[in-house]
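Spelled out, the chains give:
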Amino acid sequence: MTAVVEVKNPLLDAHTQLSRAVEVLGYSAGMYDMLATPRRELTVSVPLRRDDGTVELLVGHRVQHNLSRGPSKGGLRYSHDVTLDEVRALAMWMTWKCALVDVPYGGAKGGVRFDPRQYSRSEVERVTRRYTSEIMPMIGPSQDIPAPDIGTDEDIMAWMMDTYSVNRGHTVLGVVTGKPVALGGSLGRASATSRGVVYVALAAMRHQGLEPAASTAAVQGFGKVGRGAARFLEEAGVKVVAASDQYGAVHASQGLNIRALESHVDATGSVAGFTESEALDEPDDLLYLEIDLLIPAAVEGVITESNARRVRAAVVVEGANGPTSPGADDILTARGQLVVPDILANAGGVIVSYFEWVQANQAYWWAEAEVEKRLEERMVRAWERVRDHAVLHDIPLRLAATSLAVETVTTAHLARGLYP
Ligand code: GLU
């Protein structure tokens, strides 16, 4: 008998989500095709001179999904799993995310297929500078604005900004966001995605009748999103009983001490081996714990039709992009579990990226409290709008969020008209 291998392609999930929204909105097949297809995509060779003098050829992509509402915006991912279809899906989700939280961008995404942890920092810098120079014709502060994503950080954003600026002959701060604060980055950007995830998670728990201070949570992924989310949940009184990364998962029924766990991760590079906890057999076992809140904050495609029935959390808040497949969504919804979709839950990052771009364009920087206040306002407004739409039409939050966003993009597209 042949084993059934589950092929994960996030673009198929993105297309299914879009077609469900297009059906609710009553749009034509032609409109679906336009919305499903990237506006532009570029695949580039990135030859890397290794530290030992040998040359290795890497492949990179930049996809601009939609430009109807403004320049395109979205992160740059360095991962061994990068594929063109993955970048296409992530770019499409950025379009919906920006429309939903009303920042004036279309969606884009970039990726280079390599694992930066296997390379020296100077090799990562050379990859970044060569990739940036290859995609130069596509990016710019009024064209397409990259930002960090999995495997990239503020140093990489600084190298991108520098490469672009040196080639233009003057400093262009607004070409990327997520830069170091010393170089035109925004205060509050580094914690923005996690803060936004937690604002929405607390609101969603209350909506389900759960009191956060009497609730338990587990966080999958302890990187840019999961780590901060765990800390902010703990600060809000939620007992974070489990956390994981790709190397392991740790569990403590009395609640993990997140500060101590962060120190352990800083010292060892992983949550594995944290002494004030017991290890779960497999990192994925975290998904199946009996908890109130689950935050998948790692990668796409972790809750699928094959494991959704094992997920017991009452509320799932997507810190990652695309962690839940449409089939899994249906299973969770049928069982009364609430899924707060990525394009709403993790939009805090791009919201503060927008603030960073506005500040760079005006050359006037805001105080951290100002950034956090405006972030909270936008997240709460977006949550209430999606919740009300879902309740009114008796539809899941993902369908409500996606159809609101798709309608916003389509309205802009129709107002512009077709050229010629
Ligand atoms: N990579 C982040 C995301 O998926 C942030 C994108 C941005 O700030 O442009 O939302």
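Structure: see above.
Helices and strands together make up the secondary structure of the protein, namely 13 helices and 12 strands. A compact globule built from 420 residues would reach a C-alpha radius of gyration of about 22 Å, and the protein, at 21 Å, matches this within 12%. In the protein, which comprises 420 residues, the share counted as buried stands at 58%. Put simply, of all contacts in the protein between residues at least 6 apart along the chain, 68% involve residues at least 24 apart. Approximately 17,400 Å² of the protein is accessible, and the part contributed by carbon and sulfur atoms is 51%. Side-chain charges in the protein split into 41 positive and 52 negative, and the spacing between the mean points of these groups amounts to 5 Å.

Once their charged atoms are close, side chains differing in charge can pair, the charge on each being opposite to the other. Taken as a whole and judged by the stated rule, the model has 31 salt bridges. With a closest N to O distance of 2.8 Å, R50 and E123 form a salt bridge. Taken together, the residues span a long stretch of sequence, with R50 in the loop between strand 1 (40-49) and strand 2 (55-64) and E123 in helix 4 (residues 121-135) at a distance of 73 residues. Looking at R50, the relative accessible area reads 21%, which means it is partly exposed. Judged by its relative accessible area of 4%, E123 falls in the buried class. Among the salt bridges present, the one from D266 reaches R227, with a minimum N-O distance of 3.0 Å. In this pair, D266 is assigned in helix 8 (residues 258-268) and R227 in helix 7 (residues 226-235), connecting sequence segments 39 residues apart. Given a relative accessible area of 55%, D266 falls into the exposed group.

Near the ligand there are 14 residues, and of these K73, K97, P148, D149 and S353 occur at the shortest range. R189 is positioned with one of its side-chain polar atoms (N or O) 3.2 Å from an oxygen atom of the ligand. At 3.0 Å from an oxygen atom of the ligand is found a side-chain nitrogen or oxygen belonging to N321. Relative to its unbound accessible surface of 290 Å², the ligand loses 93% to contact with the protein. For the shell around the ligand, the residue count by class is four nonpolar, five polar and five charged.

This brings us to the sheet that holds strand 10 (residues 293-296). With mixed pairing, the seven strands of this open sheet are ordered in space as 9-8-7-6-10-11-12. Each end of this open sheet is capped by a strand with a single partner; those strands are strand 9 (278-279) and strand 12 (338-340). In this sheet, strand 8 (residues 248-251) lies alongside strand 7 (residues 239-245) in antiparallel orientation, the contact comprising four bridges. Paired with S244 across the two strands is A249, which belongs to strand 8.

Let us look at helix 1 (residues 10-25). The terminal C-alpha atoms of helix 1, which comprises 16 residues, lie 23 Å apart, in line with the 22 Å expected from a rise of 1.5 Å per residue. The complete set of buried residues in helix 1 reads P10, L11, D13, A14, Q17, L18, A21 and V22. In the core, the buried residues of helix 1 are packed alongside helix 2 (29-36), helix 3 (84-100), helix 9 (326-334) and helix 13 (397-416). Here helix 1 starts with a cap whose side-chain oxygen sits 2.9 Å from the backbone nitrogen of L11, and that cap is N9. Once helix 1 ends, the next one or two residues include G26, with phi positive near 75°.

Y419 connects to P420 through a cis peptide bond whose omega is 5°. Looking at the element boundaries, P420 is found in the segment after helix 13. Despite not being glycine, D102 shows a phi value in the positive range, around 55°. Among the structural elements, D102 can be located in the loop between helix 3 and strand 4 (106-113). Judged by relative accessible area, D102 falls into the partly exposed class, the value being 48%. Residues other than glycine seldom take positive phi values, yet D394 does so here, at roughly 55°. For D394, a relative accessible area of 70% puts it in the exposed group.

Cut-offs applied
- Residues numbered from 1 in each chain as written.
- Predicted model: local features only at pLDDT ≥ 70, side-chain atom pairs only at ≥ 80, totals over all residues.
- Heavy atoms only, no water.
- Helix = DSSP H or I, 4+ residues; strand = E, 2+ residues; numbered from the N terminus.
- Rg over C-alpha atoms; globule rule 2.2 N^0.38 Å.
- Buried < 20%, exposed > 50% of the residue type's maximum accessible area, 1.4 Å probe, protein only.
- Contact = heavy atoms within 4.5 Å.
- Areas by Shrake-Rupley, 256 points an atom, 1.4 Å probe, with all protein chains shown as cover.
- Lys, Arg positive; Asp, Glu negative; His and termini not counted.
- Charge placed at Lys NZ, Arg CZ, Asp CG, Glu CD.
- Salt bridge = Lys/Arg side-chain N within 4 Å of Asp/Glu carboxyl O.
- Near = heavy atom within 4 Å.
- Polar contact = N/O pair within 3.5 Å; in protein donor to acceptor, adjacent residues only side chain to side chain.
- Nonpolar A, V, L, I, M, F, W, Y, C, P; charged D, E, K, R; others polar.
- Pairing = 2+ DSSP bridges.
- Expected span 1.5 Å × (residues − 1).

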